[in-house]
Structures are given as C-alpha cells and as structure tokens.
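Fold and contact review
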Amino acid sequence: MDLQAVSAPELIAAGIFALAVLHTFMTKFFAHLAHAQPRHAGLWHLLAEVEVVFGFWAFVLVIVMISVAGKSAAVDYVESRNFTEPMFVFVVMVIAASRPIVSTVINIVRLVAAVMPMQRAVAGYFLCLCLVPLFGSLITEPAAMTLAALMLRDRYFQHQLSHRLKYATIGVLFVNVSIGGTLTHFAAPPVLMVAATWQWDTPFMFATFGWKAALAVLVNASVVTWLFRKELAGKGQETEAGDAAPVPLGVAGIHLAFLFGVVLFAHHPVIFMGLFLFFLGYVEAYERYQDRLILREGLLVAFFLAGLVVIGGLQQWWLQSTLTGVEPTLLYFLATGLTALTDNAALAYLASLVEGVSNEFKYAIIAGAVTGGGLTIIANAPNPAGLAILKSSFDEGSISPLGLFLYALAPTGVAMLAFLML
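Predicted model only: the values in this text are computed from it and were never measured. (Residues numbered from 1 in each chain as written. Predicted model: local features only at pLDDT ≥ 70, side-chain atom pairs only at ≥ 80, totals over all residues. Heavy atoms only, no water.)

Here we look at the nonpolar core
By size, the foremost hydrophobic cluster in this structure holds 135 residues, and its most contacted members are Phe54, Leu152, Leu173, Ile366 and Phe419. Considering each element in turn, this core owes the most residues, 11 residues, to helix α8 (residues 120-139). With residues near it in sequence (within four places) discarded, Phe419 still touches Ile179, Phe209, Lys212, Ala213, Tyr332, Tyr363, Ala367, Val370 and Thr371. (Core = buried A, V, L, I, M, F, W, Y, C linked by side-chain atoms within 4.5 Å. Buried < 20%, exposed > 50% of the residue type's maximum accessible area, 1.4 Å probe, protein only. Helix = DSSP H or I, 4+ residues; strand = E, 2+ residues; numbered from the N terminus. Contact = heavy atoms within 4.5 Å.)

Considerations on the packing of helix α17 (residues 316-323) against helix α18 (residues 328-341)
Direction vectors running N to C along α17 and α18 enclose 155°, while the axes themselves pass 10 Å from each other. The angle between the axes of α17 and α18 places the two elements in the roughly antiparallel class. Only Leu331, Leu334 and Leu338 of α18 make contact with α17, whose side of the interface consists of Trp318, Leu319, Thr322 and Leu323. Of the residues belonging to the contact of α17 with α18, the class tally is six nonpolar, one polar and no charged. (Axes fitted to C-alpha atoms, helices over the stretch in contact; angles between N-to-C directions. Parallel < 35°, antiparallel > 145°, perpendicular 65-115°, else oblique. Nonpolar A, V, L, I, M, F, W, Y, C, P; charged D, E, K, R; others polar.)

A short note on the pattern of salt bridges
Under the criterion given, the structure shown has five salt bridges. Measuring nitrogen to oxygen at the nearest pair gives 3.9 Å for the salt bridge that ties Arg296 to Glu49. One end of the pair, Arg296, is in helix α16 (residues 295-312); the other, Glu49, is in the loop between α3 (41-48) and α4 (50-69), with 247 residues separating them in the sequence. In this structure, Asp291 engages Arg99 in a salt bridge whose closest nitrogen and oxygen atoms are separated by 3.3 Å. Of the two residues, Asp291 is situated in the loop between α15 (269-285) and α16 and Arg99 in helix α7 (residues 99-114); the sequence distance between them amounts to 192 residues. On the basis of relative accessible area, Asp291 is assigned to the partly exposed category, the value being 48%. (Salt bridge = Lys/Arg side-chain N within 4 Å of Asp/Glu carboxyl O.)

Quick word on the confidence of the model for the protein chain
Across the protein chain, the average pLDDT comes to 89, with 96% of residues at or above 70. Per-element mean pLDDT across the protein chain ranges from 79 in α17 up to 97 in helix α12 (residues 202-227). (pLDDT = per-residue confidence, 0-100.)

So, the packing of aromatic side chains
Tallying each qualifying case throughout the model produces 24 aromatic pairs. When the centroid spacing of 5.4 Å and the interplanar angle of 90° are considered together, the rings of Phe258 and Phe278 count as edge-to-face. One end of the pair, Phe258, is in helix α14 (residues 249-264); the other, Phe278, is in helix α15, with 20 residues separating them in the sequence. Overall, the relative accessible area of 9% leaves Phe258 in the buried class. Overall, Phe278 belongs to the exposed group, its relative accessible area being 56%. (Phe/Tyr/Trp six-rings, centres within 6.5 Å; stacked < 30°, edge-to-face > 60°.)

Some thoughts on the environment of Leu192
Topologically, Leu192 is positioned in helix α11 (residues 189-198). Judged by relative accessible area, Leu192 falls into the partly exposed class, the value being 25%. Put simply, Leu192 and Ile399 are 207 residues apart on the chain and 28 Å apart in space, counted from C-alpha to C-alpha. If sequence neighbours within four positions are ignored, Leu192 has contacts with His185, Phe186 and His267.

A few points about helix α10 (residues 163-180)
Its 18 residues place the ends of α10 25 Å apart at the C-alpha level, agreeing with the 26 Å of an ideal helix rising 1.5 Å per residue. Most of α10 is tucked away: 16 of the 18 residues are buried. (Expected span 1.5 Å × (residues − 1).)

Some thoughts on unusual backbone geometry
Within the chain, Gln160 stands out as a residue other than glycine whose phi angle is a positive 55°. For Gln160, the location among the structural elements is in the loop between α9 (141-157) and α10. We classify Gln160 as exposed; its relative accessible area is 61%. Here the phi dihedral of Gln199 falls at roughly 60°; this positive angle occurs in a residue that is not glycine.

As structure tokens, then:
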C-alpha cells in the first residue's frame, strides 16, 4: 500500500472512521454517565444513541473536509454519495412495523406454533428466530428484522427475561437475519450490491448460499430455544390487541401491497418514496386500524446508515488493497472480520469494483459479508433497526456492543461451518 498516493481527506476519513467505531463500543458508558451525571444527561443520552454515532461523525468529517479541501470539494463529495439504502431502510422499516402487517405475521406465527409439539411461548420464540429471518429473503432483511424485533419485544423482552437470554436472543437474531436473506438475490444488502454486476439470480443464490444459510438459521434458532426453554415457557406471553379494532383482511392486504411495491422498486427512491407518501395518507384515512408509526426510530436508523455511507465512501483505499491477492479461504475469514468493522454492503460493493476475480473470490466475499453481519451494530444495515426497537428492554436503555459481539460469536461460528464445510 502506497501511503503517498493516499489523499489527505482519505487519511482523515480513516481516522474519523476509527473514532466512530470506537464510539459505538462506548455507548453503554455514555448511557451510564447520563444516569450518574443528570446535569448533562441530555448530552450523554445523545452520545449514547448508537443510531446517532455515524451521523455525528459524518458531520465532523464534512467540517474537516471543508477546512482542508474547501467547501466545493466537500459538498461535491457528499452529493456524489448514494443514499438510496438509508432511504429504503427507513421506508420499509416504517411500513413493516405497521399494525396490519405485524398482526398478519403474528397470526402466521401462531398458526405454525399451534401445530408444533412444544409449549406455545417456546414455539413462538423459535419461529421469531427461524421463520421470520427466512421471510427476509422475500420481504427484505430490514423488514424481517423489524417484524422479529417487534414480536420479541412485545411477547418476551418486556416480561423480565434474564440478561443472558436477551443477549443470546439478539446475537442469534442479528446473525440469522444477516444470512437469512440469501435465499434470493434481492433481499440481503451485500447481495444486492453485486447481483447485477456478477449476474447472480435467485436460483443461483439458493443453490450456492440459500440452503446452507437456512440450515444454519435452523440450527441457531433450535439451540438457543432449547437452552432457554424453561425460562421461555415461564415468562413468554402472547400479547393481545385488547381494545384495538381488528384489522380487516382488505386493510392488511393493502399494507402488504405497499410493502411489496417498495421492495419491487428498492433501487428507485423517487418511486418508493412516492409510495411511502401514499402509504402515510392511507394510514391517516384508516387510523382506527393503526398504531403509532415508528417514524422516529426509522429516521434515526436512516441517519446512522447515511453517516456510514458518507464516512465509508473514503475507506476504499485500504479496504480494496486488503481484499485483493488473498487466498479464498483466508479471504472468507478476512471478509467476516472486516464486516464487523464496516457495513457488509459497502464491503461487497468494493469487491464488485475489482475486475477479473474468480468465482472463489466472489463466494468468499459474500459468504464472509453475510456471516459477519451479526457481530456488531454497524455490520449489517438492518441491525440498527433491531437495536432501535429492542434497546428499551435492556438496562439503562442501551445494548452493549461488546455483549452483542460475544453472544453473536457462537451463531456466527455455526454460519461459518455451514458456508465452509457444506
């Protein structure tokens, strides 16, 4: 690597990226400060929001770029970034979390759980970690993460689950969602980045990645369910709608049509944002069938991902040189590790820019990108969505990044065995 060929903004961006990654591991510390020093609780709470981290440091980067390279260069760089993914995740997260869709998925889970030879609460938990992540191959990973996190929060996390069970659950959930979207070519963010360039379609994805991922999802969900079966049977509950009006099939069908329309036009923000505005009008017209839309949570997640797009765009100089010229098996492990420190979609995109690569290179990169997608908050685009929904159920309203990493290691290992050995 020739450092003399690296520009000053790129070196600065690498330093800011390192600070942002460090910041994500310190959010639990800032959350504690908010309680220990109430005088400055607002500032500490802001710094404790994982979704704020990369957006905050992206603004720092832009300010530094203005001072180093000038206003025009900084603005031109930001305007050259593609913010379609943050916008898409925001839209699909809000629509997927609407009551008609959540109720539809809950009813499906209940029907399947009713025929399983185990206690209902245990069966429901298993399906949240197995069936719903695999749904991600049809409705996209952000939507699957949103639905699974909402069901886990309302039916389990709010009923005094143990610290170990909560962290084991998010570890398996994040890993299973990351690999569960590989049955098709349009649902997992890293696969989306390379599918057109490498001419990968759904039959190829299922034959090469999907069945292996499905097996790993099944194993991970089965193991964590069996290990905590007694606690789940004692504390897991099925929440009822109470006084809320039942959702008619027609309303649920229209919500699903909006969701599939957004997924269909995932690469065209003008269209899916138009659909989203139409959706907001429909929700207002049939308010009696709705709960509060998670607009705040969705915007925070979009802010996080947009910051990652801005900062990550200047990391190509060291990422690409790290990936090229590496033996495929070692590349798989390297890609898994790098995914924990970078967004796996960004890693896949950089790999797609390398010309003349072998099929083994392509497999190692994408397998590693989805395998490591559950290790950290920043590893996979849907992770901040799950964090935004579940964090209120943890002590001090914050999820420890180190705790997530440690509890995600075992399910990540299962995924590694599936992609390497099968």
